[in-house]
Amino acid sequence: MERFCCIKNSVLLSFLLLLFFFIPNCFTWNQNDDDDKWVRVPIGLVLDLGSVEGKIVRSSVSMALSDFYAIHNDYKTRVSLSVRDSHGEPLLGLASVVELLETQGVEAIIGGNSLLEAKLMAELGEKARVPVVSLNSPMSLSLSNYSYLIQVTHDSATEAKGITAFIDGFNWNSVAVVYEDHDDWRDSMQPMVDHFHENNIRIQSKIGFTVSSREDSLMDRLQKLKDLGTTVFVVHLSEVIATRLFPCVEKLGMMGDGFAWILTARSMSSLHESVDDFSKEAMEGVVGFKSYIPMSKELHNFTLRWRRSLPVEEVIEGETTRLSISGVWAHDIAWALASAAEVTRMPNISSTFLEAITESRIKGLSGDFQLNDKMLLSDKFEIVNMIGSGERRIGFWNSNGSFSNRRHLSSTHDKLETIIWPGGSAQSPKGSIRRESDRKKLRVLVTSSNRFPRLMKKDKYDAAVGDITITSNRSTYVDFTLPFTEMGLGIVAAKERSMWVFFEPLTPDLWITSAAFFVLTGIIVWLIERPENPEFQGSWPQQIGVVLWFGFSTLVYAHREKLKHNLSRFVVTVWVFAVLILVTSYTATLTSMMTVQQIRFNSNEDYVGHLSGSHIANAALTNSSLRAMRLLGLNTSEDYAQALLNKTVSYIVSELPYLKVVLGEYPAHFLMLKTQSTTNGFGFMFQKGSEMVHTVSREIAKLRTSERLNEMERRWFDKQLPYTTDDTSNPITLYRFRGLFMITGVSFAIALAVLLILWLQERWEILVNSANIFLSRRLRHFMIHFTRTIHPSPLDDPIGENAVQMAQRNRP
């Protein structure tokens, strides 16, 4: 028995050792075999992993890929996720995308649920030619230019129609909009605001809150809305602000009978089960629009399995117990990416990854997945009523423009389920229906600084009217309509009538240099041609005339003398080329100067005029392009004209409407030199949030479209203004043409050098003989002088010479 146990233990030990060495080798073989069999397709996932939405999307994508490859086990590709945490910061998200592209070589990016993030990631995707899938980012025209961006979100236009129809169905003709003062929320709100105006729903007020808004600020601004008599509110806020807003609303008694609160789909999608019961109860009676996805067996099963996969701590804390709309979309996008990855690796398939994604046709959790113009829009909305800490479905808004519930379809809200409004009443609020007798007469402010009265008459709209420039700083405190005048600044100067304008295209030093080269050309040609060409011979006055005539006749290519030497032809060819450039440049500059007035301004001596007290003109005159040292403030159009005519100022910088008045009054004396689009023109000014801004802007747009605004402008300015907006032309300087004259001068020097060599070659023997004779004579004279110095002769002595002469005289 003991022996049997020993044998048994030995066999067991051997078996365990065999398993120890064999099993890892089996696993290694299988893994290597899979790596060889599958093609890895890296995909980047950039999310705010600290947020509830980020956690939902991450887990949904991971589960979706597992399900996809469990079904399509025979596929040769496998999507490999690389997850990065943006921490809710767009720049960190951008850095994550850069890192994924450089180190992982990802072929697509999922991320960018805010407008700024979507723009930044789309910009990188455009450069790298990598598709970027943005989940639940707001629709915006600024994103339409990115060809590699795919948006999955709800249809804000359809939602706007639904909310408008809902409000109109209760005969509410005015609402207040409470929104989050952030780019994402402002942009996504605009279609709804525009639809309100198109359907004559007046916006009594728009108030914006930020994440940093304090409770006292919320209470104060809400109280002002209550004082205005506002009873119907459309709320477009994130969960962070909404959960702080509604407790304040309840404290102010604005969640009682007679009030109506409507939440947009973006607001509803940001609300999660992590919202505390106190905030939920404060929202009782609120009506919300939600992107609707019909329940299916697949969606139900996936949701159950997704909940079971959640970490225990998240389930206990109640953060992510409900699958959001973004989670459903993320599942379908993951399937579309996995399917596209397989398609692009198929033989005889030339589609790009982007084309494969856009052409994907799958049955997803949200229904039939099919992109339209690189967008997947949810165009059906569920309407819910917040009751207690939950919500109750009361109906649907369909893309065909009708309300419905499970039993009826209607173009009005009548077929919706009963709504329990704030205060617990089923009676719908009446809203703030304003009668004509209740309309207040608002005062119109006419600006006291209206120094150009022809621009401004009393207006029929309740607003501040006058020459009010639209600026970004002013827009912080008030709202402006569309501009009703041309935008920007301009420069006006007096017309010059000089009879010497033809001298102005060239500077004096260039005139002198050009004249010198004309003469030099004639002299060099004369030196080359004179020995053999009779036309360059004759008396000195004739030859001087030929030199000057030939040189200046090249200006118009009128020289008639026939050249016989190749060297002179070379000189003339080079000079004619230079003359051609000079003449064409002169002609172009003169033409420009005849049509465009030139400013000659000395910043140390001359003055620049501007409208006294105009901050816009002052700011323009201090920048780099219009900087002036000496400024002169003027008050009226007459001041403008007098200052220019008596040359008190060299020119005037002011806003275009003011300058057009001056040009219309004095069309023969002044000229518009230049314009700059540095301002937004004149507009009507209203209190911040006034509902009349869009009404007046719409009327201005109609006037502009119907050409009536142009007719009004012509009446203001009397006639069509003869001005140009081209840049002023400057004279051509010698410095700009120094290269041309350098080439010409070098060519002339070469010609002279060759001429000298030829001349020396022809007269070499004569020169050598002359040099020899000269040198021999100088040598002989030197030798005689040297001999006399060494051996002086008696005859060389003056005394001896005198004695000889006396002896000769005494000889008989």
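Placed above this text is the structure.
Residues numbered from 1 in each chain as written. Predicted model: local features only at pLDDT ≥ 70, side-chain atom pairs only at ≥ 80, totals over all residues. Heavy atoms only, no water.

## Focus on the nonpolar core
- Within the largest apolar cluster, 49 residues are counted, with the highest numbers of intra-cluster contacts made by Ile43, Ile110, Leu135, Ile333, Leu337 and Phe353.
- Put simply, the parts of the chain that give this core at least two residues each are β1 (39-47), α2 (52-71), β4 (132-135), β5 (149-154), α11 (297-308), α13 (325-344) and α14 (353-358).
- If one sorts the elements of this core by residue count, α13 sits on top with 12 residues.
- Excluding residues that lie within four positions of it along the chain, Ile43 makes contacts with Val79, Ser80, Leu81, Ser82, Val106, Glu107, Ala108, Ile110, Leu337 and Phe353. (Core = buried A, V, L, I, M, F, W, Y, C linked by side-chain atoms within 4.5 Å. Buried < 20%, exposed > 50% of the residue type's maximum accessible area, 1.4 Å probe, protein only. Helix = DSSP H or I, 4+ residues; strand = E, 2+ residues; numbered from the N terminus. Contact = heavy atoms within 4.5 Å.)

## Things to note about the environment of Gly54
- Note on placement: Gly54 falls in helix α2.
- Residues Gly54 and Gly327, 273 residues apart in the sequence, show an inter-C-alpha distance of 9.0 Å.
- Excluding residues within four positions of it along the chain, Gly54 makes contact with Leu47, Asp48 and Leu49.

## Considerations on the packing of helix α15 (residues 508-529) against helix α16 (residues 540-553)
- Between α15 and α16, the shortest axis-to-axis distance is 7 Å and the interhelical angle comes to 125 degrees. The orientation of α15 with respect to α16, classified from their angle, is oblique. For the pair α15 and α16, the sense of crossing is right-handed. Residue-level inspection shows Ala515, Phe518, Val519, Gly522, Ile523, Val525 and Trp526 of α15 in contact with α16, the latter providing Trp540, Gln543, Val547, Leu548, Phe550, Gly551 and Phe552.
- Among the residues forming the contact of α15 with α16, the class breakdown is 11 nonpolar, 3 polar and no charged. (Axes fitted to C-alpha atoms, helices over the stretch in contact; angles between N-to-C directions. Parallel < 35°, antiparallel > 145°, perpendicular 65-115°, else oblique. Left-handed = near helix turned anticlockwise from the far one by under 90°. Nonpolar A, V, L, I, M, F, W, Y, C, P; charged D, E, K, R; others polar.)

## Regarding the layout of surface pockets
- Of the pockets and cavities examined, the second largest pocket occupies roughly 1,100 Å³.
- Residue lining of the second largest pocket: 37 residues in total, with Asp48, Ser51, Asn113, Ser238 and Arg266 positioned closest to the centre.
- With 4 residues, the top contributor of residues to the lining of the second largest pocket is α2.
- Partitioned by chemical class, the residues of the lining of the second largest pocket number 13 nonpolar, 16 polar and 8 charged. (1 Å grid on protein atoms, 1.4 Å probe; cavity = no way out; pocket = protein on both sides within 12 Å on 5 of 7 lines; lining within 4 Å. Points joined across faces, edges and corners; volume = space filled by probe spheres on them.)

## Digging into the environment of Asn646
- Of note, Asn646 is situated in the loop between α19 (637-645) and β24 (651-655).
- Placed 152 residues apart in sequence, Asn646 and Ala494 show a C-alpha to C-alpha distance of 9.7 Å.
- A polar contact is formed between the side chain of Asn646 and the backbone oxygen of Gln642, at a distance of 3.0 Å.
- In this structure the side chain of Asn646 is engaged in a polar contact, spanning 2.4 Å, whose partner is the side chain of Thr648. (Polar contact = N/O pair within 3.5 Å; in protein donor to acceptor, adjacent residues only side chain to side chain.)

## A few points about the sheet that holds strand β2 (residues 77-85)
- Read across the sheet, 6 strands follow the order β2-β1-β3-β4-β5-β13 without closing on themselves; strand pairing throughout is parallel. The open sheet is flanked by β2 and β13 (375-378), the only strands paired with a single partner. Each adjacent strand pair in this sheet contributes to an overall mean axis angle of 15 degrees, direction not counted.
- The pairing of β1 with β2 spans 9 bridges and is parallel. Residue pairing for β2: Ile43 is matched across the bridge by Leu81.
- On the sheet, helix α4 (residues 115-128) packs against β1, β3 (109-111), β4 and β5 and is oriented at approximately 165 degrees with respect to β4. (Pairing = 2+ DSSP bridges.)

## Comments concerning the pattern of salt bridges
- Inspection of the entire model under this criterion finds 12 salt bridges.
- Across the pair Arg305 and Asp67 runs a salt bridge, and its minimum N-O distance is 2.6 Å. Placement of Arg305 in helix α11 and of Asp67 in helix α2 is noted, with a sequence separation of 238 residues between them.
- Between Arg186 and Asp183 there is a salt bridge, with the nearest N and O atoms lying 2.3 Å from each other. With Arg186 and Asp183 both in helix α6 (residues 183-198) and 3 residues apart, this pair spans about one turn of that helix.
- Residue Arg186 is classed as partly exposed on the basis of its relative accessible area, which comes to 30%.
- In this structure, a network of salt bridges that share partners links the residues Asp181, Asp183 and Arg186. (Salt bridge = Lys/Arg side-chain N within 4 Å of Asp/Glu carboxyl O.)

## Let's talk about the packing of aromatic side chains
- Tallied over the entire structure, the rule returns 20 aromatic pairs.
- Centre to centre, the rings of Phe233 and Phe259 are 6.5 Å apart; their planes meet at 20 degrees, and the pair counts as stacked. Separated by 26 residues along the polypeptide, Phe233 in strand β8 (residues 232-236) and Phe259 in the loop between α8 (239-251) and β9 (260-263) bring together distant segments of the chain.
- Judged by its relative accessible area of 11%, Phe259 falls in the buried class.
- An aromatic cluster of at least three residues, connected via ring pairs, comprises Phe166, Phe170, Trp172, Phe289 and Trp421.
- In this structure, Arg78 packs its charged tip against the face of Trp38, placed 4.1 Å from the ring centre.
- Positioned over the ring face of Phe209 is Arg221, at 5.4 Å from the centre of the ring. (Phe/Tyr/Trp six-rings, centres within 6.5 Å; stacked < 30°, edge-to-face > 60°. Lys NZ or Arg CZ within 6 Å of the ring centre and 35° of its normal.)

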